[in-house]
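# Examining the three-dimensional arrangement
The residues making up each chain are set out below.
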Amino acid sequence: MKGRGAYLASRVGWALLTIFVVITFNFLLFRILPGDPARNVSKDPRLTPATVAALTERFGLDKPVLINTESGNPFDSQYFIYLGSLTRADLGISYAFRDRSVGEMLGGALVNTLWLILPAQILSIILGMLLGLLAAWRRGHALDLSALIFSLLMWSLPTFFLGIVLLFAGSAWFGLPTAGRITVGADFGSYWEELADIGRHLLMPTLAFTLVLLGEYMLIMRSSVIEVFSEDYILTAKAKGLTTLQIIRDHALRNAMLPMVTLIAINLGFTVSGAIQIESVFSWPGIGSLTVSAVRDRDYPVLQGAFLLLAIAVVIANLAADLVYGWLDPRVSEA
Amino acid sequence: MRSSRSVLLPALAALSIIVAACTSTSPSESSGPSGSSAPASGGTVRVGIGGFPDSLNPGNGLLSESYTLYELVYDTPIGLTPDGDYVPELAKSWSVSDDGLTWSVELVDNATFHDGTALTAEDLKFSLELYRDTVDFPYMPAYPDVFETIEAVDATHLTITTAEPIGNFESRMVFIYVIPKHIWESVDDPVAFQNEEMIGSGPFKFVESEQGQFTRLAANKDYWGDAPKIDEVIFQTYDNADARVAALVNGDIDMITEFPNTAVATLRNAENVEVVVADPVSGDLRDIIPNIVDPENCPVDEGGVCTGHPALLDVQVRKALAMAMDKQQIIDVALLSLGSPGLSMVPRGLGDFFADDVSDYAFDVSGANDLLDTAGYADTNGDGIRECLPSQDCPTGDLTFRFNFPDDIDSGPREADMLKAMWQEIGVKIEIQALDADTLTSICCPTFDFDLILWGWGSDPDPAFLLGVALCDEIPTGFSETGYCNPDYDELYVRQGVEPDHQARVAIVHEMQQILVDDVVYMIPYYASSTQAYRSDRFTGWVTGPTTIGLEDPSSLGVISKVQ
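Being a predicted model, the structure only gives us computed values, none of them experimental.

The rules behind these values
Residues numbered from 1 in each chain as written. Chains lettered and ligands numbered in written order. Predicted model: local features only at pLDDT ≥ 70, side-chain atom pairs only at ≥ 80, totals over all residues. Helix = DSSP H or I, 4+ residues; strand = E, 2+ residues; numbered from the N terminus. Contact = placed C-beta atoms within 7 Å. Expected span 1.5 Å × (residues − 1). Pairing = 2+ DSSP bridges. Axes fitted to C-alpha atoms, helices over the stretch in contact; angles between N-to-C directions. Core = buried A, V, L, I, M, F, W, Y, C linked by C-beta atoms within 7 Å. Buried ≥ 20, exposed ≤ 12 C-beta atoms within 10 Å, placed from the backbone. Parallel < 35°, antiparallel > 145°, perpendicular 65-115°, else oblique. Nonpolar A, V, L, I, M, F, W, Y, C, P; charged D, E, K, R; others polar.

### Points about the overall build of chain A
A tally of regular secondary structure across chain A gives 14 helices and zero strands. Along its sequence from the N terminus, chain A presents helices and strands in the succession α-α-α-α-α-α-α-α-α-α-α-α-α-α. Seen along its three principal axes, the alpha-carbon backbone of chain A occupies a region of about 85 × 65 × 40 Å.

### Notes on the interface of chain B and chain A
Each partner contributes to the interface: chain B provides 44 residues, whereas chain A provides 43 residues. Residue assignment for the side of chain B that touches chain A shows that the elements contributing at least two residues are β9 (214–219), β10 (232–237), α5 (241–250) and α11 (437–444) of chain B. Take the side of chain B that touches chain A: its biggest share by element is five residues, from α5 of chain B.

### Things to note about helix α14 (residues 502–518) of chain B
Residue and element names in this part refer to chain B. The first and last C-alpha atoms of α14 sit 24 Å apart over 17 residues, in line with the 24 Å expected at 1.5 Å per residue. On its buried face, α14 sits against α12 (464–467) and α13 (487–498). At the exit of α14 stands Val520, carrying a positive phi of roughly 45°.

### Some details on the sheet that holds β9 of chain B
Residue and element names in this part refer to chain B. Pairing within the open sheet is mixed, and its eight strands lie in the order β8-β9-β10-β1-β11-β19-β12-β21. Of all the strands in the sheet, just β8 (204–210) and β21 (548–549) have a single pairing partner and so form its edges. In this structure, strand β12 (residues 273–280) lies alongside β21, joined through two bridges in parallel fashion. Across the sheet, Asp279 pairs through a bridge with Thr548, a residue of β21.

### Quick look at the sheet that holds strand β7 (residues 157–162) of chain B
Residues and elements named next belong to chain B. What the four strands build is an open sheet, ordered β4-β5-β7-β6; its pairing is antiparallel. Each edge of the sheet is formed by a strand with only one pairing partner; in this case those strands are β4 (91–96) and β6 (147–152). Direction aside, neighbouring strands of the sheet carry axes that sit 15° apart on average. Relative to β7, β6 is paired through five bridges, and the arrangement is antiparallel. Counterpart to Thr149 in the pairing with β7 is Thr161.

### Notes on the nonpolar core
Core analysis: the biggest nonpolar cluster contains 124 residues, and Phe209 of chain A together with Val73 and Val233 of chain B have the highest contact counts within it. Setting aside residues up to four positions removed in sequence, Phe209 of chain A forms contacts with Leu116, Ile117, Ala120, Ala275 and Ile278 of chain A.

### Structural notes on the packing of helix α7 (residues 159–174) of chain A against α5 of chain B
Following both chains from N to C, one finds α7 of chain A and α5 of chain B inclined at 10°, their axes separated by 11 Å at the closest point. Considering their axes alone, α7 of chain A and α5 of chain B lie roughly parallel with respect to each other. Counting all contacts with α7 of chain A, which are made through Ile164, Leu167, Phe168, Ser171 and Ala172 of chain A, the residues of α5 of chain B involved are Asp242, Ala243, Ala246 and Asn250 of chain B. Class assignment for the residues of the contact of α7 of chain A with α5 of chain B results in six nonpolar, two polar and one charged.

### Here's the deal with the pairing of strand β18 (residues 523–528) of chain B
All names here are of chain B. Counting buried residues along β18, six of its six residues qualify, which places the element largely inside the surrounding structure. The pairing of strand β13 (residues 284–290) with β18 spans three bridges and is antiparallel. Residue pairing in the sheet places Arg286 in a bridge with Tyr526 of β18. Here three bridges tie strand β14 (residues 339–341) to β18, and the two strands are oriented antiparallel to one another. Directly across from Ser340, in β18, lies its bridge partner Tyr527.

### Side note on the pairing of strand β5 (residues 102–107) of chain B
All names here are of chain B. Residues Trp103, Val105 and Leu107 of β5 are buried on one face, while the alternating residues Thr102, Ser104 and Glu106, pointing to the opposite face, are not. Bridge count between β4 and β5: five bridges; the pairing is antiparallel. Bridged to Val96 within β5 is Trp103. What sits between β4 and β5 in their antiparallel hairpin is a turn of five residues, with Gly100 showing a positive phi close to 75°. The sheet contact formed by β5 and β7 spans five bridges and is antiparallel. When the bridges of β7 are listed, Trp103 appears paired with Ile160.

Okay, here's the thing in structure tokens:
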């Protein structure tokens, strides 16, 4: 019995298992690193042994890592306490910002990241697919060549370089802001004015990220469509007298979409990790910026939380891709 | 602390808000407060900074960005001028009893918190006790830890007793940000307290902040001292240094607190931008740490393995290394000349504690070679590297040293390469390896599993902090990086700690620096300069020296006014 229900169940099961393995791996990863987080808060001699001990206890690092063999309760260990707090959606406190919870920090950053990345993703998917389709349709013509050169250029340009060029250009020629999400201290007359201000801040980072993603989508779409165009059934369709538009719409697009779905799913999954380079260049306070500063500060709980969020997003995006695959290509779920 | 770019000592940001202390320095623009035309008031100053305050709670802060904020929003009993002098702030006066054990402090009577409540001796007592007794505050407990009893005599008088006389009462009071008792006394866990209202008594009031983005302050026009002339200060975080520089050039912001030395030329050529280069407040230093722990002092119980190269225990070898080091070349290449040659563990920003009377080893390659020849280190096998003495059990048999540095020092690889070339001239080889700071800490101390480490420190305004790294007692604690142990030095350290007379204490501190240089306990390639830049067409009256700068400090933000 290999029906659609079983396919769905097995995919979801694998996804849950993956997340659990990631949680455990994530937990262990930061504990096999050298150094003592309480002392790493600051390598400063004014941290007395009493302070280090107090911080160690506050961070919960005074307990055994995996299994507590000393007290009566084997589950009184860092690992099980971590699992327990995860079930309450509690990601712990930040080491670098000791009065802030990781959940609060990640939540705020995630919202900012989505503001930046979702529009860029959607724009680049639509534009990339259109451009790829056009290029494949006009294969060998000037349109194809220029689209190809443009996409290759965008794909190969280092992201931070494109970002900084756009930042300088936007600031010098169009008076666009150079950092942040909103003009601090500005007096907004209405909600719309505030939204417009955020839009001005978003313009260049969105453009930069769209251009970065666009090239890849275009190239994959183009080669995928070209491949489909060489199939026999397209020849048959032509022989039947269908117009190019009909061929693309009814026969080519659905099959050409398969590689695109994979790519989109992967990219969407990594969306929550933020566009690290774009966020850094434009000082956009998203997950990418937060991750960079957490690495710099060795803020393990924040990194652990960010990795978990990323893992869950990637797993969900892959799950979605699997399901869409099953719908686009029934052979997948019935195999 | 060992300095990295993100974590700096509070001292780097700590300055007095006392305007009087700043009048001796002349701002580069003329329309100062004392000018004939009345200065324009108002205006929002936008400051581009690289980081973000790690906590609004003054007990929790680690980053210099946080201390900048505390200095603006809170008052401390005693202030520190940019040139390292202690001046009255909330405390009008302070004195010590004849036995040196009881300190009396008299506070100003007109200070109020931003919520309108009067600031009294009770608030200071509460703050001192909270900072002293909250052990999970990382830095704070170290300042009032010797204060045994603290009594508020009346609203403006306070007495503090210590078990032993102390020589650094002033430096212990410059980071005591006085917090309002009526708000904090109901806080159960002061470490978890986010202090989102941030009620202080300082020249600026906290308005709002957003994680990783900005902090916004408004001038406290009812300030008990001289109120700021500007209306608002906004600290905007720029993750990217190039973007920060561009924002200043384009006029998006009015001042930047830090930027790469490579941007100095660009900024000097930009219109309406003034670049200021000076020593940082308190200062920081680059050091080369030799592993010189005596095998007898190896802290085995603390994990010490003490694998240092035996030749480094010979002071002649260390002297030769110091003499063969061309500090100016390192400064020119690694810092683009924006630094000064280092001497000892006390940087120039510490005022008269800096030992200008101690002479350093002059750059002298042939002298260094002579020194090693005389000491018996000869290159017998002709491979260019001198061999060890027969009495030394060297791992490779010659003067080949392991050389590590943390990978978060941008100029680390260049500095290491230069040192390698310089030391090659005297028949010494180094094997360079960059390490993650955590890994470096784990081989450093108290493990002592290294030969030479290139690292750095940010200093406290009080020299006792960094002079303490060379004490015998600190070998097992991991604070001592070199493993140096000299009872004479330790005795001087104790003496400077209890010497109430400033000049006498300065003399002892100089003597200690002389010992550190004589014994080559550290090699200090340089003290890096601080670079800041501001727009001259927006605000005027920035305090730019003469020896140190901190444009983001109250000393500047409290006095600047809008250009008319």
